[in-house]
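Analysis of the macromolecular model
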Amino acid sequence: MPRTPAPTHRLQAVFVPDRRRIAWWGPDQPDEHARKRGLPEGVPGRIELAHGTVPARLVPLTQAVPALAGLAVGKQLSDSLLAWRAAAIAALGDPARLEALAGMMPPAAHAVRLGADRVWTAAELLSAFRSAVHDAYSTADASAAELLAARESEAAEAPVEAVLRPYQRQGLSWLSALARNGAGGVLADDMGLGKTLQTIALLAMTPGPHLVICPTSVVGNWARELARFAPELEVARYHGPRRDSASFASADVVVSSYSLLLRDAEELSAIDWGVAVLDEAQQIKNPDSRTALAARRLSARTRLALTGTPVENRLSELWSIMDFASPGLLGTRKRFTKRFAEPVENRGDAAAGLRLRDLVAPHLLRRLKKDVATDLPDKMETTVACTLTGEQARLYRRAVTEAFDGGLGDGFERHGRVLALLTKLKQICNHPAQYLKEESPVLSGRSGKLDRVTEILGEVVDSGERALVFTQYRAMGELLAGHLAAELGLAGVPFLHGGVSAAGREAMVDGFQDGSAPPVLLVSLKAGGTGLNLTAATHVLHFDRWWNPAVEDQATDRAHRIGQTRRVEVHKLVTGGTLEERVAELLDRKRALAEAIVGTGEDWIGKLDDAGLRALVELSDAEVGE
Amino acid sequence: MTWWSKRWPRALEALGLSYPDNRLVRARALIRGGAVDDLLVSPGEITAWVDYPRKTFGVSLRVPVLDEAAWAAESGRIAARVGSLAALLDDRLPEDMLSLFPGEGELAVECPCGRGLCVHVVVVHLAFADLFEEDPFLLPLLRGRGREELLAGVRAAMPPVPEAGPPVGVAVGDVDVAGFFDGDREGLSAW
């Protein structure tokens, strides 16, 4: 007699007593079968049946039982699903009838392992089911109360190399309560409040391995922030053409991108992660997208979604993000639409809005900048590391090779050649189209920096704030102006540069200050260095670096000066693995010294010898995107 | 429409509503026209302002609040079926809460126009039904218990489950592998 039953293409159901959940199993993707039948999908896991361990989706009883009871009988339903449908109907209506079911159940509906060589009988399992259903309904969700309480207290410990602000300690307290309860959540703090830092603290204090999925443009940034704040964590980037899932074995944290979540869904869902983090989780706001499906397939004890904008346009986006983080919390999509989305969006029903807020509250933490204003300094600087695209990396390597192969000469000639090389490399980091001087180029997806800047500005504009973007290059400014206007849906993005007349300048400044012009203003670093008062801006972006802190500070101070009553956030963009990053590090490390050395801009680089120069400009391997 | 919001208007029958009744048609039109302001539901009372005609009428509908003993009996009845609690948690009113609807002589109405079952009263009554449709907890609230209180009371009243001994199970070798997926299909389908 074969020890293993034949494979089945029909969805099977079983109650798993020690997890107190109903499991779907059988076909390759039980979640899709469940969804097609209007059943909750549950979270991935493994269950032990008579014939061995099988992959399954596990659903809490309060979600599974009503859904099973409402299931329509049909020819395609397996006997085990029919059996648990009957059990659910009995449990909700007349539990005494459960006993009569035992004789009708197939082994598939009850043969859950009980110790090494025994399995549950149908009668025993039904009796355990009865008391588990009773317990599930007779106790209010204790974890909800714990999660709500946790955000009011500050975490005592934060194993990161940084001093957390009080609201970040509260965030960490909530995050660790999520992990303790095996629950999921959405951390939706405003941009700039340190979602990354709070998350890293959670990863450092929770058993791994952990997975971070983020946009390609910030893979490098995550790896760098992890190394900075939690240096004891082994970080593997699962990224780029030479990625290897063997690296999962030794890593505490694996950092990967949304595109790989799609392409390598198999490898990534084969691991039982400690915490699975989705950064910029609005990427899965469309629940039907392949990305959202792949995310829901990840197996993790705790799922965490990070986003500054949990709802951009429609409530269904919140449903989708929450259905990753805490599957089933908001019910099926259809029910959610009827119960919340339609009343709130079509009829402005405040009561439905409040009920939704109460339901979501334990699992969603959102602090606005104005809520935590007293905790924050009035100027915050962050260095934003971006990833080179494959195209950028090819151009970059070629430019470096050509420069060194051709010889840099010496004296005055050398100085000129080195500066030419630096300019080329900086242009490549900015955008291939700038370097190649393309006419009406395609811009999206070719520069990690441009994509990242577009994301940051998207959030700024959505939150009704205003931003200044500085670049040294007229050509890059022109490219940015067209691209940002189109991507952010603005009427236009003005560009203040040396060629703009005094009257034109004044009009741009006035429009920006009084709000009549679009909320983004591009400024050439040379033109905008002095004399302008742009305090309407609460964000300043340095698209490329001058490498002279004094010049940059002067530009930043267009926004951060007397008359500015709000906090200013400064984002300095740097491309990882390139000279941009190395110079930035050098400057950060010895800022005081550097100011003395590089007081005249980039001249000091021209004085380096070949080896020193090579160390500064050569591209390191790990940094390239797809 | 849900059964409970359909059921609600029938409480007016005791006050003289009959079918077809022109007051229902006019009240619907007034609600659509935005004649109702500040509809508030509190234990024992629904109040609202109705703008019609050219004047504002402050209307109140009253239903007695249940006392502790009545609530204990009510909670016990709801708790007897887990399905009722499951429905409440899904924002649906279980049918065994029908007894909370105003019974004979329980609904008292008051309107300054002083014409008994006037169109103002019908307007407020139907406007409540529209809110009630979305939020079934308004009925227990009207009877004296908010959502959390109601759920806590029902949970506390759930009857205990008979104790089961520790499972013994059967040996893995005795599991019918050939018939692993086959149960009593007919019996299960008929359930």
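Residues numbered from 1 in each chain as written. Chains lettered and ligands numbered in written order. Predicted model: local features only at pLDDT ≥ 70, side-chain atom pairs only at ≥ 80, totals over all residues. Heavy atoms only, no water.

Looking at an unreviewed UniProt entry, one finds chain B named SWIM-type domain-containing protein, with Actinorhabdospora filicis as its source organism.

Looking at an unreviewed UniProt entry, one finds chain A named Helicase, with Actinorhabdospora filicis as its source organism.

**Description of the overall build of chain B**
Counting secondary structure elements, chain B contains 8 helices and 5 strands. Helices (α) and strands (β) of chain B occur, in sequence order from the N terminus, as α-α-β-β-β-α-α-β-α-α-α-β-α. Computed over its C-alpha atoms, the radius of gyration of chain B comes to 23 Å, more than 25% above the 16 Å expected for a compact globule of 191 residues. With 191 residues in all, chain B has 46% of them scored as buried. Put simply, 70% of the contacts in chain B that link residues at least 6 apart link residues at least 24 apart. Taken together, the 19 basic and 28 acidic charged side chains of chain B have centroids lying 11 Å from each other. (Helix = DSSP H or I, 4+ residues; strand = E, 2+ residues; numbered from the N terminus. Rg over C-alpha atoms; globule rule 2.2 N^0.38 Å. Buried < 20%, exposed > 50% of the residue type's maximum accessible area, 1.4 Å probe, protein only. Contact = heavy atoms within 4.5 Å. Lys, Arg positive; Asp, Glu negative; His and termini not counted. Charge placed at Lys NZ, Arg CZ, Asp CG, Glu CD.)

**Let's talk about the pairing of strand β10 (residues 272–278) of chain A**
Note on strand geometry: in a regular strand, side chains alternate between the two faces of the sheet. Residues and elements named next belong to chain A. Of all 7 residues that make up β10, 6 are buried, and the element is covered over most of its length. Alignment of strand β7 (residues 210–214) against β10, held across 3 bridges, turns out to be parallel. Bridge pairing in β10 places L211 opposite A276. Here β10 pairs with strand β11 (residues 299–306) via 6 bridges, running parallel. Following the sheet pairing, L278 is matched in β11 by A305. In the classification by handedness, the crossover that spans β10, the intervening helix α12 (residues 290–296) and the parallel β11 is right-handed. (Pairing = 2+ DSSP bridges. Right-handed = clockwise from strand over helix to strand, strands pointing away.)

**So, the sheet that holds β10(A)**
Residues and elements named next belong to chain A. Taken in spatial order, the 7 strands line up as β8-β9-β7-β10-β11-β6-β12 in an open sheet, and their pairing is parallel. Two strands in the sheet have a free side with no partner beyond their single neighbour: β8 (235–238) and β12 (364–365). Sheet strands touched by helix α7 (residues 166–180): β6 (185–187), β11 and β12. Its angle to β6, the strand with the most contacts, is close to 160°. With respect to the sheet, helix α13 (residues 315–325) is in contact with β6, β10, β11 and β12, its orientation differing from that of β11 by roughly 150°. (Axes fitted to C-alpha atoms, helices over the stretch in contact; angles between N-to-C directions.)

**Brief notes about the domain arrangement of chain A**
According to the domain assignment, chain A consists of domain 1 (12–138), domain 2 (147–375) and domain 3 (379–623). One C-alpha centre belongs to domain 1 of chain A, the other to domain 3 of chain A; they are set 58 Å apart. (Domains from an automatic or database assignment.)

**A few points about the pattern of salt bridges**
Taken as a whole and judged by the stated rule, the model has 44 salt bridges over all chains. Among the salt bridges present, the one from A:R367 reaches A:D189, with a minimum N-O distance of 2.8 Å. In this pair, A:R367 is assigned in the loop between β12 and β13 (379–386) and A:D189 in the loop between β6 and α8 (195–205), connecting sequence segments 178 residues apart. Of the two residues examined, A:R367 and A:D189, each falls in the buried class. The salt bridge involving A:E225 is made with A:R228; its shortest N-O contact spans 3.1 Å. Of this pair, A:E225 and A:R228 both sit in helix α9 (residues 219–229), 3 residues apart, roughly one helical turn. Salt bridges sharing partners connect three or more residues here, namely A:R335, A:R339, A:R355, B:D90, B:D91, B:R92 and B:D135. (Salt bridge = Lys/Arg side-chain N within 4 Å of Asp/Glu carboxyl O.)

**Here's the deal with the packing of aromatic side chains**
Using the criterion set out here, one finds 16 aromatic pairs over all chains in the structure. Linked through ring pairs, B:W3, B:W4, B:W8, B:F101, B:F128 and B:F132 together constitute an aromatic cluster. Over the ring of A:F404 we find A:R614; its NZ or CZ atom is 4.3 Å from the centre of that ring. (Phe/Tyr/Trp six-rings, centres within 6.5 Å; stacked < 30°, edge-to-face > 60°. Lys NZ or Arg CZ within 6 Å of the ring centre and 35° of its normal.)

**Let's talk about unusual backbone geometry**
The phi angle of most residues is negative, glycine excepted, and most peptide bonds adopt the trans form. Residue A:P209 is bonded to the preceding A:G208 through a cis peptide linkage, with omega at -5°. Turning to its location among the elements, A:P209 is positioned in the loop between α8 and β7. Of note, the bond from B:Y19 into B:P20 is cis; its omega dihedral lies within 30 degrees of zero at -10°. Position of B:P20 relative to the elements: it lies in the loop between α1 (3–7) and α2 (22–32). A positive phi is found at A:S440, a non-glycine position, where the angle reads about 35°. Assignment of secondary structure puts A:S440 in the loop between α18 (432–435) and α19 (448–462). By relative accessible area, A:S440 is classed as exposed at 75%.

**Considering the UniProt feature "domain: Helicase ATP-binding" (unreviewed entry) in chain A**
The positions UniProt marks with the feature "domain: Helicase ATP-binding" (unreviewed entry) are residues 176–328 of chain A. Counting secondary structure, residues 176–328 of chain A comes out at 37% helix and 21% strand; the distance between its end C-alpha atoms is 21 Å. (UniProt positions renumbered as here; feature names shortened; annotations may be inferred.)

**Some points on the interface of chain B and chain A**
In this complex, chain B contributes 39 residues to the contact, which on the side of chain A involves 61 residues. Carbon and sulfur atoms make up 60% of the area that chain B and chain A hide from each other, which totals about 4,300 Å². Broken down residue by residue, the surface that chain B buries against chain A is led by B:F180, B:F181 and B:W191, which jointly contribute 21%. Counting every contact that joins chain B to chain A gives 6 salt bridges. (Buried area = accessible area lost by both parts, 1.4 Å probe.)

**Quick word on the packing of helix α3 (residues 68–79) of chain B against helix α7 (residues 147–156) of chain B**
Angle between the axes and distance between the axes: these two values describe a pair of packed helices. Residue and element names in this part refer to chain B. Contact geometry for α3 and α7: axes closest at 8 Å, N-to-C directions at 70°. Relative to α7, the element α3 lies roughly perpendicular. By crossing handedness, the relation of α3 to α7 is classed as right-handed. Contacts between α3 and α7 involve W71, S75, I78 and A79 on the former and, on the latter, L150, G153 and V154. Tallied by class, residues from the contact of α3 with α7 come to 5 nonpolar, 2 polar and no charged. (Parallel < 35°, antiparallel > 145°, perpendicular 65-115°, else oblique. Left-handed = near helix turned anticlockwise from the far one by under 90°. Nonpolar A, V, L, I, M, F, W, Y, C, P; charged D, E, K, R; others polar.)

**A look at the state of the cysteines**
The final tally for this structure, using the stated rule, is 0 disulfides over all chains. With no disulfide of its own, A:C429 lies 9.6 Å from the sulfur of A:C386, the closest cysteine sulfur. Cysteine B:C113 is unpaired, with the sulfur of B:C118 as its nearest cysteine sulfur at 3.6 Å. (Disulfide = S-S within 2.5 Å.)

**Here's the deal with the packing of α8(A) against α9(A)**
All names here are of chain A. Between α8 and α9, the shortest axis-to-axis distance is 10 Å and the interhelical angle comes to 60°. Put simply, α8 runs oblique to α9. Once α8 is placed against α9, the crossing between them reads as right-handed. Together, T196, L197, T199, I200 and L203 of α8 and W222, E225, L226 and F229 of α9 make up the contact between the two elements.

**Examining the side chain of B:S75**
Structurally, the position occupied by B:S75 is in helix α3. Apart from the residues within four sequence positions on either side, B:S75 is in contact with B:R145, B:G153, B:V154 and B:A157.

**Quick notes on α7(A)**
All names here are of chain A. For α7, which comprises 15 residues, the first-to-last C-alpha distance of 21 Å matches the rise-based estimate of 21 Å (1.5 Å per residue) to within 8%. Among all positions of α7, only Y167, Q168, G171, L172, S173, W174, L175, S176, A177 and L178 are buried. Within two residues after α7, G182 carries a phi angle of roughly 60°, on the positive side. (Expected span 1.5 Å × (residues − 1).)

**Digging into the confidence of the model for chain A**
Residue and element names in this part refer to chain A. Averaged over every residue, the pLDDT of chain A is 87; the share at 70 or more is 93%. Looking over chain A, one finds the lowest element-wise mean pLDDT in helix α25 (residues 591–597), namely 46, and the highest in strand β1 (residues 12–16), namely 97. Of the regions scoring below 50 in pLDDT, residues 592–600 engages in 10 contacts with residues more than four places distant in sequence or in other chains. (pLDDT = per-residue confidence, 0-100.)

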